[in-house]
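Each chain, letter by letter, is given below.
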Amino acid sequence: MRHPDRLSESEGKQLTEVTTRCPDLAAAHRLVRSFAAILTTRTGQHLKDWVVSTRAEELPGLHSFATGLEKDWDAVVQGLTTHWNSGPVEGRVNHIKMVKRQMFGRAKLPLLRKWVLLTAAR
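Residues numbered from 1 in each chain as written. Predicted model: local features only at pLDDT ≥ 70, side-chain atom pairs only at ≥ 80, totals over all residues. Heavy atoms only, no water.

**Some points on the pattern of salt bridges**
As a reminder of what qualifies: For this analysis, a salt bridge means a side-chain nitrogen from Lys or Arg found within 4 Å of a carboxyl oxygen belonging to Asp or Glu. Secondary structure elements are taken from DSSP: a helix is a run of H or I of four residues or more, a strand is a run of E of two residues or more, and numbering for both begins at the N terminus. Only protein chains enter the area calculation, which uses a 1.4 Å probe; residues under 20% of their type maximum are buried, those over 50% are exposed, and those in between are partly exposed.
For the structure on display, the rule yields six salt bridges. With its nearest N and O atoms 3.2 Å apart, the salt bridge here joins Glu17 to Arg21. Of the two residues, Glu17 and Arg21 are both situated in helix 1 (residues 9–21); the distance of four residues between them amounts to about one turn of the helix. Take Arg21: its relative accessible area is 67%, and that puts it in the exposed class. Between Arg55 and Glu70 there is a salt bridge, with the nearest N and O atoms lying 2.7 Å from each other. A residue pair is termed long-range when its members are at least 10 positions apart, and Arg55 in helix 3 (residues 47–56) and Glu70 in helix 4 (residues 60–71) qualify at 15 residues. Several salt bridges converge on common partners, so that one network encompasses Lys48, Arg55 and Glu70.

**Some thoughts on the side chain of Thr82**
To keep things clear, this is the line we draw: Pairs of N or O atoms are called polar contacts if they sit within 3.5 Å, as long as, within protein, a hydrogen donor faces a hydrogen acceptor (for residues adjacent in sequence, only side-chain-to-side-chain pairs).
Positionally, Thr82 belongs in the loop between helix 5 (73–81) and helix 6 (87–103). Looking at Thr82, its side chain comes within polar contact range of the main-chain oxygen of Gln78, at 3.0 Å.

**Examining the packing of aromatic side chains**
Selection rule: For Phe, Tyr and Trp, where Trp contributes only its six-membered ring, two rings pair if their centres lie within 6.5 Å, and the inter-plane angle classes them as stacked under 30 degrees, edge-to-face over 60, or tilted in between. Cation placement over rings: the criterion is NZ of Lys or CZ of Arg within 6 Å of the ring centroid and within 35° of the ring normal.
Here the structure, examined in full by the defined rule, presents three aromatic pairs. Aromatic side chains Phe35 and Trp50 sit 4.8 Å apart centroid to centroid with 45° between the ring planes, which places their arrangement in the tilted category. A residue pair is termed long-range when its members are at least 10 positions apart, and Phe35 in helix 2 (residues 23–41) and Trp50 in helix 3 qualify at 15 residues. Residue classification places Phe35 among the buried positions, given a relative accessible area of 13%. Here Trp50 and Phe65 contribute two aromatic rings whose centre-to-centre distance is 6.0 Å and whose plane-to-plane angle is 85°, an arrangement assigned as edge-to-face. Taken together, the positions of Trp50 in helix 3 and Phe65 in helix 4 put the pair 15 residues apart, joining distant regions of the chain. Looking at Phe65, the relative accessible area reads 35%, which means it is partly exposed. Just above the ring of Trp73 sits the side chain of Lys48; from NZ or CZ to the centre is 5.2 Å.

Here it is, written out as structure tokens:
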């Protein structure tokens, strides 16, 4: 899962050996690395080429992943090309859900509201 530049020499040799023995694994490695490059460099405009390359391989897991991306194509491309994201909002929503789960339904909305507001101030 690490970037290839961060592998030790022995790990790099082991990766090369494994991918040369299994063509499907080599294709999966290549596709996953190219998708990671799209993510890290925010080059969503190359995503269509990546999906076409994925469809050319016989890797059902990546096919279903590509299908999922295509279902909400505009949002995926937008997320991969701009620096704007909803991460802070999602983090807040996750926090509220965690607080609600901790309360185990023991309190109603007024206490939940107070608890969320007090923990947001931290």
